[in-house]
Every structure is written in C-alpha cells, then in structure tokens.
Amino acid sequence: MAKKRGQLSLDEEKFITDSIYSLSIEQIANALNRTEAPIKRYIDENQLYALEEKGENETLLRKLHSKSFWYEIERQFDQDSGELQYFENTWIGLVKQFREDVLPAEELQIKQFITIDILINRSMKERKRHIAETEKLQKQVDAEYDKPEDQRDIPRLTNLETQLSFARNSISSYTNEYTKLLNEQQKISKDLKATREQRIKRIEDGKSSWVGLIRMLEDEEVREKEGREMEILNMATNKYKKDFYEYHQYQDGKIDQPFLNHESVKSDE
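In this report, we go over the structure that sits alongside the text. (Residues numbered from 1 in each chain as written. Predicted model: local features only at pLDDT ≥ 70, side-chain atom pairs only at ≥ 80, totals over all residues. Heavy atoms only, no water.)

**A closer look at the overall build of the protein**
Regarding its fold elements, the protein presents 10 helices and 2 strands. Counting only residues that meet the buried cut, the protein has 31% of its 269 residues in that class. Within the protein, contacts between residues at least 6 apart in sequence are counted, and of these 57% link residues at least 24 apart. When the accessible surface of the protein is split by element, carbon and sulfur atoms take 50% of a total near 18,200 Å². (Helix = DSSP H or I, 4+ residues; strand = E, 2+ residues; numbered from the N terminus. Buried < 20%, exposed > 50% of the residue type's maximum accessible area, 1.4 Å probe, protein only. Contact = heavy atoms within 4.5 Å. Areas by Shrake-Rupley, 256 points an atom, 1.4 Å probe, with all protein chains shown as cover.)

Below, the structure is given as structure tokens:
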C-alpha cells in the first residue's frame, strides 16, 4: 500500500503526541501509513522529545522511590549534602542507558555501584581536606624552624609535627580506601556488563533463528515485555484505524476523508 502524503491531520498529530512515550518513530509511521520523515519533523518542531525526557525522568524517579530498598537509601544518604539527589540522578542515567530493561538482580547491582561511587566521593573530599590541612601545618612547622633555635617553641613544634604526621597518614589511608572502593566498583561494573551482554546475545540470537527466538522467549521478562509492546501497538492501531475512516478537518480548513484502503471508502448515499 502506498504511503500517505501531504500535511498531517490534527488526528495524526494527536496520535503522534499520545504515542511518543510508548511507540518508536517507525511504529508510529507504520500505524499512520506514512514515512518516518514527517513524523520526525513534527516531533522536532514541537520538541516532543524534550517533554518526553522530562516525563520519563519523573516516571523513573517514582519507580525508584517505590523500590523496597529506597527507605534504606534515604537513611544512608543526606538530602542537604546533595548525596541523595546524586543517587537519584545517577540511577536515572544508568537505567536510561540500559533502556529501562533492568532485572531486579541488576537493580541491586546498580544500587551498589552508585553507593560505592558516593563513598568514593566522600573519601576524595576528605583526602582533599587533609591535603589542605597538611600544607597549612607544614607552613607552621617551617615558620618555627626558621626562627633561631633558642626562640623556637618546642612544645608547639612537637604538637605541630604530631598533627602533620597524622594528616599525612590520613592522606595515605584515604588513598588506599579510594583504591579499594574503586576496585569494588569496577568489579560490579564488570559483572553487570557481563550479565547484560549475555542477555543481549540471547536477544540477538533470537532475531537470527527460530530456535534462538524460542530461547529468548523462555525468559519471562522478555516474554512479558514483547507481549506488552505487541498489545500496545495492536490497541493503538485499531483505535486510530477506526478514527482515520472518518472525515477530518485538515490544517488548511478543508474537510475530507482519507483513503487508506477499500474499507475506508464511505459511500455518499
């Protein structure tokens, strides 16, 4: 069947706006019997993706707050320090990176990954503070040694050198802690990547062979996801197919009936 041409009707524009959260551009174009070009142009001109991203972020944030572990996250991280917001933003970014296709076990891995990232930030902040403290103490020690030996405040100098030694040891301790946390984070990242690569390989195999497809659909999560997408597309197609059979008022003010196929042709009798 030839693709429809010309301006988008008001009903078509409404369908695009309503479907952008659930359907791809290709699926929308197929449902409207149009090429992808006018769909993309309408989306860009009306900045629908910017609205979609904001709505998507809010949806992911609500889902995060509904997780069973969120209560503990709120107890562990402080809102005033910005750590809680950092957790939320990083979570949203990672889940979007995985196209929201995240299993419960992977969610826990992401939670651990972000938690360690926050601990790394804490460690590096403390290391920076101790470096600044070390430089300050070193200047004070140097100032005492610059004095003639009989004018030096020995008790104060001893105290300063003790503090300086403690600060230097703290820097070394925070450096070791950073290295340990970073290794843990890299291990989680590697495990998460390996798990996802296995799932992606299973999905790719499913696209190339019938046996692979059967194996892919053995995964309950994949099976439910594919079923939901098929049902959404079917419902959207049936709903707007019926609407497109009716007369429409186009942007130029003209009222006409779109001819999609022989079933859509209405008799004037």
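**Here's the deal with unusual backbone geometry**
Here the phi dihedral of Asn 33 falls at roughly 55°; this positive angle occurs in a residue that is not glycine. Relative to the helices and strands, Asn 33 resides in the loop between helix 2 (25-32) and helix 3 (36-45).

**Remarks on the packing of aromatic side chains**
Evaluated as defined, the whole model comprises 4 aromatic pairs. Ring pairs connect the aromatic residues Phe 69, Trp 70, Phe 77, Phe 87 and Trp 91, which therefore count as one cluster. (Phe/Tyr/Trp six-rings, centres within 6.5 Å; stacked < 30°, edge-to-face > 60°.)

**Details of helix 1 (residues 10-19)**
Inspection of helix 1 places Glu 12, Glu 13, Phe 15, Ile 16 and Ser 19 among the buried residues, and these make up the whole buried set. All buried residues of helix 1 project into a common sector of 160° when viewed along the axis, lining one side. (Arc of directions from axis to C-beta.)

**Thoughts on the nonpolar core**
The biggest cluster of nonpolar side chains holds 18 residues, and the ones touching the most others in it are Ile 73, Phe 87, Trp 91, Ile 110 and Ile 114. The leading source of residues in this core is helix 6 (residues 83-97), at 6 residues. Leaving out residues up to four positions away in the same chain, Trp 91 has contacts with Leu 64, Phe 69, Glu 107, Ile 110, Lys 111 and Ile 114. With 14 residues, the next largest nonpolar core counts Ile 16, Leu 23, Ile 43 and Ala 236 among its residues. (Core = buried A, V, L, I, M, F, W, Y, C linked by side-chain atoms within 4.5 Å.)

By themselves these figures say nothing about function.
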